[in-house]
Structures are given as structure tokens and as C-alpha cells.
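Next come the chains, spelled out residue by residue.
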Amino acid sequence: MPRLLTGINCMRKFALLISIQRFTFMAIITKKIPNVILRSKKGVKGKTYHIEYSLNGKRVRRSLGLIDNNTANQLRAEKINELLRSNGITTPVKNIGLKEAVDIHFDLKKKKLRPKTISSYKNYRDRIINAINELGAKNYDSLRTITEGRFNLLAQKIIEKYDNPHTVNNTLTFLKAVENTAIRKGYLDKKFSQDIVISKPEPKLIDQYYTQDELNLIWDKCDRFYIPIYKLIASTGLRLGEVINLTWNNVDFANNQIIINKRIENGKVVWQPKSKSSIRKIPLSDKAKEVILKQKGKHSKFVFISKKGSQLHPNSVYNPFVKARDSAKVDDKGSIHALRHTFASICAQKGLPLYNIGTYLGHSREETTRIYAHLCPSDDAETLNRIGL
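Model, not experiment: these values are computed from the prediction. (Residues numbered from 1 in each chain as written. Predicted model: local features only at pLDDT ≥ 70, side-chain atom pairs only at ≥ 80, totals over all residues. Heavy atoms only, no water.)

A. Inspection of the overall build of the chain at higher detail. Across its full length, the chain carries 15 helices and eight strands. Evaluated residue by residue, the chain yields a buried proportion of 37% over its 389 residues. Sequence separation of at least 24 residues holds for 62% of the intrachain contacts in the chain that already meet a minimum separation of 6. Per element, the accessible surface of the chain, about 24100 Å² overall, is 52% carbon and sulfur. (Helix = DSSP H or I, 4+ residues; strand = E, 2+ residues; numbered from the N terminus. Buried < 20%, exposed > 50% of the residue type's maximum accessible area, 1.4 Å probe, protein only. Contact = heavy atoms within 4.5 Å. Areas by Shrake-Rupley, 256 points an atom, 1.4 Å probe, with all protein chains shown as cover.)

B. Summary view of the environment of I158. Here I158 is to be found in helix 5 (residues 148-161). On the accessibility criterion, I158 (0% relative accessible area) is buried. C-alpha separation for the pair I158 and N130, spaced 28 residues apart in sequence, amounts to 9.4 Å. Residues within four places of I158 in sequence aside, it is in contact with I128, A131, V168, T171, L172 and L175.

C. Structural detail: helix 13 (residues 354-361). By the burial criterion, the buried members of helix 13 are I357, G358, Y360 and L361. The arc that holds the buried residues of helix 13, viewed along the axis, is 165°, so those residues lie on one side. If you follow the buried residues of helix 13, they end up packed against strand 8 (280-283), helix 12 (337-349) and helix 14 (366-369). Downstream of helix 13 by one or two residues, G362 has phi in the positive range, about 80°. (Arc of directions from axis to C-beta.)

D. How the structure looks around the nonpolar core. By size, the foremost hydrophobic cluster in this structure holds 38 residues, and its most contacted members are Y230 and L339. Elements that contribute at least two residues to this core include exactly helix 7 (212-221), helix 8 (227-236), helix 9 (240-244), strand 5 (257-260), helix 10 (286-293), helix 11 (314-327) and helix 12. Ranked by residue count, the leading element in this core is helix 8, at six residues. When near neighbours in sequence (up to four residues on either side) are disregarded, Y230 contacts W219, C222, V317, P320, F321, I336 and L339. Grouped together as the second largest cluster of nonpolar side chains are 30 residues, Y121, Y124, F151 and A155 included. (Core = buried A, V, L, I, M, F, W, Y, C linked by side-chain atoms within 4.5 Å.)

E. How the structure looks around the packing of helix 5 against helix 6 (residues 165-184). Relative orientation of the contacting elements helix 5 and helix 6 amounts to 160°, with a least axis distance of 9 Å. The orientation of helix 5 relative to helix 6 falls into the category roughly antiparallel. When you trace helix 5 past helix 6, the crossing you get is right-handed. Between helix 5 and helix 6, the residues in contact are F151, L154, A155, I158 and I159 and V168, T171, L172, L175 and E179, respectively. In terms of residue class, the contact of helix 5 with helix 6 is built from eight nonpolar, one polar and one charged. (Axes fitted to C-alpha atoms, helices over the stretch in contact; angles between N-to-C directions. Parallel < 35°, antiparallel > 145°, perpendicular 65-115°, else oblique. Left-handed = near helix turned anticlockwise from the far one by under 90°. Nonpolar A, V, L, I, M, F, W, Y, C, P; charged D, E, K, R; others polar.)

Encoded structure:
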């Protein structure tokens with residue numbers, strides 16, 4: 001009997017010990033760690049950042065100042081680690097290579113992007129991974145041991161490998177974003193890309209629009225079926241994707257305007273414009289209105305459809321234009337996209353304010369529209385004479 005009691009007591013002690021350990025474990029994992037939120041605000045001098053979090057019931061707000069987004073995210077990551085350590089919690093981070101970091105960033109981004117943009121991001125990812133392989137993958141298989149020199153060598157490899165400045169800039173921007181994600185997730189302790197400069201190439205739009213004589217030559221050689229599409233782009237500045245996805249619901253004849261917005265079917269977004277600024281209203285001139293009205297009676301929700309009656313594919317519209325342009329012996333000024341430039345250029349030449357032009361084109365930045373400034377008529381000398389200067 002005493003042995004039985006002893007066994008029962010041991011079992012009770014063991015159960016009590018397990019209960020205590022379980023309680024301690026639950027206390028640790030239920031300990032609240034402050035959620036650090038990064039916020040930004042645009043000002044006259046640029047974008048300023050600050051972080052916010054709650055600590056012991058008090059709301060804490062800390063200004064980070066006038067810095068770039070990557071630095072702001074790094075400071076946020078450092079604050080999270082500091083708060084974790086102060087709570088007695090250590091979070092062992094997996095050691096990964098740069099190629100894996102590239103894939104992690106790409107997977108995060110593609111959840112929020114349109115299919116066309118995902119394709120561009122995949123190209124950035126592939127260029128970086130190819131450059132890593134050429135430099136020796138073993139040199140980049142651990143973010144814990146990677147050096148600033150190795151990181152800059154990779155950037156230099158990308159610069160030397162590709163001739164197109166836009167390709168280089170977009171790929172380096174993606175590489176910096178990979179680094180930022182790695183820092184934010186704790187895989188990388190510090191920034192290495194401070195000396196990697198992303199400089200936008202000079203705009204080359206001076207002659208990237210078609211004159212009316214050039215357009216007439218192209219129309220003469222063009223498949224008549226596609227001419228209305230090209231004329232509408234030249235009269236409205238619409239993007240090719242916007243024309244292909246233009247439905248009759250987007251055309252407001254009463255107010256003479258085209259409305260570019262998301263297309264929702266059965267509660268699901270099936271198409272959306274390039275950016276938030278691309279959601280806009282575009283004036284519908286008599287010339288553009290006439291082009292659209294001639295498409296009536298095709299029994300389709302789309303204004304323009306293919307020869308078989310289905311939705312148009314970009315290539316089916318793009319290729320005939322290139323063929324006609326080459327046949328007409330007109331210089332390549334950017335293919336169909338140059339028709340958009342043609343609209344903007346004519347608007348600028350006729351004195352339409354750059355702000356209005358940018359709004360109609362759906363530009364997100366004023367700098368993008370400013371490339372048409374040299375085409376705007378100037379009466380500055382007359383103005384100065386009038387005010388006596």
C-alpha cells in the first residue's frame with residue numbers, strides 16, 4: 001500500500017510539473033509584442049517617416065525624419081527586435097541565401113500585382129539570379145556572411161550585362177527592394193546598397209510622336225479593321241490595354257467622356273488600370289466620338305472586338321501597326337505607344353496645360369508629363385513686356 005501511494009504521489013508531482021511547464025510556455029507565447037507600424041507623410045521637402053506602437057498601454061510615436069523607404073523599414077525592423085529582446089523573447093532566424101531572398105520578395109510582391117506586372121517582376125528576379133550564378137552562387141549562399149563588396153559586385157554585373165538603362169534601373173530597384181524585405185524579415189542585419197545609385201535615363205521624347213502626314217502614310221498601308229483603334233488612341237491618349245478592355249459602360253456620351261475604371265464581373269475584379277492615377281475621366285472629342293459610334297451594333301460588351309468577335313489580344317492590334325508603319329517607311333517612334341505621345345504632344349502644342357494632359361494620360365507623377373513642356377507655346381517675352389520687366 002505505501003508503494004502504491006508513493007507511485008500515486010509521483011504521478012501527481014509529474015502532472016503538476018507538466019502543468020507548471022505548460023502554463024509557463026503559454027505565458028510566453030501569449031505575451032503581447034507591440035505591433036510596430038510604419039507611417040509616412042509627404043511634405044514640401046519630401047517624405048517623412050515615423051513609427052507607432054503601444055507599450056504598457058501607452059501609445060508611442062517616434063519620428064524617423066526625412067529618409068528613404070528602405071532606411072525607414074530597416075529602423076522599423078530594429079525597433080521590433082529591440083522590443084522582442086526587452087520582452088525576453090529571442091527569435092532564431094533561418095540563414096538563407098540571396099537567391100532565396102529574391103524568391104521570397106518576388107512571392108510577396110506577386111500577390112498584389114497584375115499579371116502583366118508580375119511578368120516584369122519575374123524578369124527582374126531572373127536577371128538577378130542569372131547574375132548571381134555567373135559570379136558564383138556559393139558567394140551568395142548566406143546572407144549572414146555576405147559582404148558589401150559582394151553586393152556591389154552583383155550590382156556592377158547587372159550594369160555591365162544590360163545595355164538598356166531602363167532594364168538596369170528597374171533590376172537594381174528590384175534588388176534594393178529584395179534587400180529591404182530581407183532586413184524587414186530579419187534575414188539581413190544591415191544595408192549594403194547605399195552606394196548603388198539608381199539614376200533615371202534622360203527622356204528621349206523630342207521626336208517620339210507622329211505628325212499628321214506620317215499618320216496618313218501609315219493609315220494608307222494599314223489593315224482597315226484596326227485603324228479606328230489607332231485613331232482613338234491618337235485622339236484620347238488611351239493605353240492599348242485600356243482600349244482593348246473598353247466597354248460600352250465606360251463611354252458616357254451624355255457628358256462626352258470616357259471613364260477608365262476597374263471592370264468587375266460577378267463581384268470579382270477581372271481587369272484594372274495600370275495604377276490608381278489611371279482611374280480617370282477623359283474628354284471625348286467629336287472626332288473620337290465618331291470613331292466609337294461606328295463600332296455600335298457589334299453585340300458585344302466591348303467597344304472593339306477581334307475579327308472573330310472575341311476580345312482583342314494586344315499582339316493582334318500591335319503587329320498590324322508595326323507592319324503598316326514599316327511598309328509606309330515611317331521611322332519607329334515607339335510603335336502604338338507613340339500614338340499616346342502624339343495625343344499629348346498635340347495637346348501641348350495647342351496650349352493645353354501640362355496638368356490637364358497628365359490627368360488625361362493617367363500619369364502618377366508631374367515629372368512624367370513635363371517631358372512635353374518643350375512643345376508648349378511660350379509667350380513669356382510678351383508677358384514680361386506687358387508687366388514692364
